[in-house]
Structures are given as C-alpha cells and as structure tokens.
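# Secondary and tertiary structure notes
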Amino acid sequence: MIETLFFFLFAALAISSAIMVITMRNPVHSVVSLIVCFFQIACLFLLLRAPFLAGAQIFVYVGAIMIFFVFAVFLLDIKSSMAKQKFSKWASYGIPVSLLFLVELIMLALKGGFGNAADSSASAGQFLDMAKSTEALGTVLFTKYLLPFEIISVVLLVGFVGAVVLTVKAPKED
C-alpha cells in the first residue's frame, strides 16, 4: 500500500517536472527541472528494488549528462529573441508531429497495443532479475547492446563539439 502511494507521488513529480522542462522559458530552469525528473526516475528504480539502476541514474544522468547540458546552455548563451524566432520557424512542423504522436499513443493504449500482459510481466521479471546483478547488467550492456551504447556516446560527443563550435567566434579580419 505504501509503495503504491510512493509510486504515484514519484510518478506525478516526474511527469510534472518533465512538463516543466518543456514549458520553462529560462533554459537553466529547464535543466533544473530535468534534474528533478531524473531524481524521481531514480526513486522509481528504488521502488522496483533495482538499486544499481537508481545509482547509475543519479551518477550518469544527474552527475554527467546534466553537467553537459548546463555547460551547453552556458556556452550557447541563448538570447530569448533568437529562441522565439527559431521556435516560430519550426513550430509549424513540431506541433503537427507532436499531435500525431499523441494520437498514436492514445490509439495504442485503447487497442492494447503495448503488448500482451503475460509477456510484459515475464520480461519485466527478467529485467528486474538482470538489474539486481551488476555483472549480468554489464555483460548484457557490453555484448548485446554495445552498438547502441557506442552510438549514444558518439552522439553526445558530437553534440558537445557542436556546442563548442557554435560558441567559437571567428577572428575579425582587419
């Protein structure tokens, strides 16, 4: 009973902070909201009795990835007028795509397209068993999921290099 209450508390805080990430006008406040969201997800991992994943969530995402985001925000020095111009430029594409994605999620939920309940509970049990063993988790991560792991590393590196390139000012020619 108490776990259910904590689940709803952490889930509500995670959802509300995720909404604040995309609705905040100040990028620093948005990053802080994302940190709160990551902490709530770590709490949900603790409720699933997966302390390794909770610790990895805090160390990797809050400790490393969020520092990267903070550096990117400060390096880019985003002006609010530029952000408004870019938003209005891409809003005509983003809003229909977001609505389409929302409709697809609703259709999946109504048709039960998220998979068979027996299959999902079995896979959830296997996931929890694997998550409890750090060795098993490391083995799966660096064998079966090595390529996605490396691709994500390269994407983060490209993002960081892109942020640095965008902030470097060209030397003035006399």
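Residues numbered from 1 in each chain as written. Predicted model: local features only at pLDDT ≥ 70, side-chain atom pairs only at ≥ 80, totals over all residues. Heavy atoms only, no water.

## Digging into the nonpolar core
Formally: The definition of a nonpolar core used throughout is a set of buried Ala, Val, Leu, Ile, Met, Phe, Trp, Tyr and Cys residues joined through side-chain atoms within 4.5 Å. Between buried and exposed lies partly exposed: a residue is buried under 20% and exposed over 50% of the maximum accessible area for its type, with that area taken using a 1.4 Å probe on protein chains only. Note on definitions: a residue-residue contact is assigned when non-hydrogen atoms from the two residues lie within 4.5 Å.
In this structure, V21, V31, L34, F38, V62, M66 and V73 together form the largest nonpolar core, which totals seven residues. Contacts of M66, omitting those with residues within four sequence positions, involve V31, L34, I35, F38 and Y61.

## Examining the side chain of S17
Applied cut-off: Here a helix means four or more residues in a row that DSSP labels H or I, a strand means two or more in a row labelled E, and each is numbered from the N terminus. Counting of polar contacts relies on pairs of N or O atoms within 3.5 Å, with two restrictions inside protein: one atom must be capable of donating a hydrogen and the other of accepting it, and residues adjacent in sequence are counted only when both atoms are side-chain atoms.
By secondary structure assignment, the location of S17 is in helix α1 (residues 2-23). Judged by its relative accessible area of 4%, S17 falls in the buried class. At 3.1 Å, the side chain of S17 forms a polar contact with the backbone oxygen of A14. Apart from the residues within four sequence positions on either side, S17 is in contact with S33, V36 and C37.

## Digging into the confidence of the model for the protein
Predicted coordinates in areas of low pLDDT are best not read in detail. To keep it simple, the criterion reads: For every residue, the predictor assigns a confidence score, pLDDT, that lies between 0 and 100.
Overall, the predicted model of the protein reaches an average pLDDT of 77, with 74% of residues at or above 70. Per-element averaging of pLDDT across the protein places helix α5 (residues 117-132) at the bottom with 55 and α1 at the top with 90.

## Regarding the layout of surface pockets
Spelled out, the test is: Here the term cavity refers to a set of points on a 1 Å grid, laid over the protein atoms alone, in which a 1.4 Å probe fits but cannot get out; the term pocket refers to an open set having protein on both sides within 12 Å along at least five of seven lines, with lining residues being those that place an atom within 4 Å of a point. Grid points are joined across faces, edges and corners, and a volume is the space filled by probe spheres set on the points. Lys, Arg, Asp and Glu make up the charged group, whereas Ala, Val, Leu, Ile, Met, Phe, Trp, Tyr, Cys and Pro make up the nonpolar group; the residues left over, Gly among them, are polar.
Within this model, the second largest pocket holds a volume of roughly 850 Å³. Every residue lining the second largest pocket is counted, 23 residues in all, and those nearest its centre are L53, V60, Y61, L141 and F149. Mapped by element, the contributors of at least two residues to the lining of the second largest pocket are α3 (51-76), α5, α6 (134-143) and α7 (146-167). Across the lining of the second largest pocket, the residue classes break down as 18 nonpolar, four polar and one charged.

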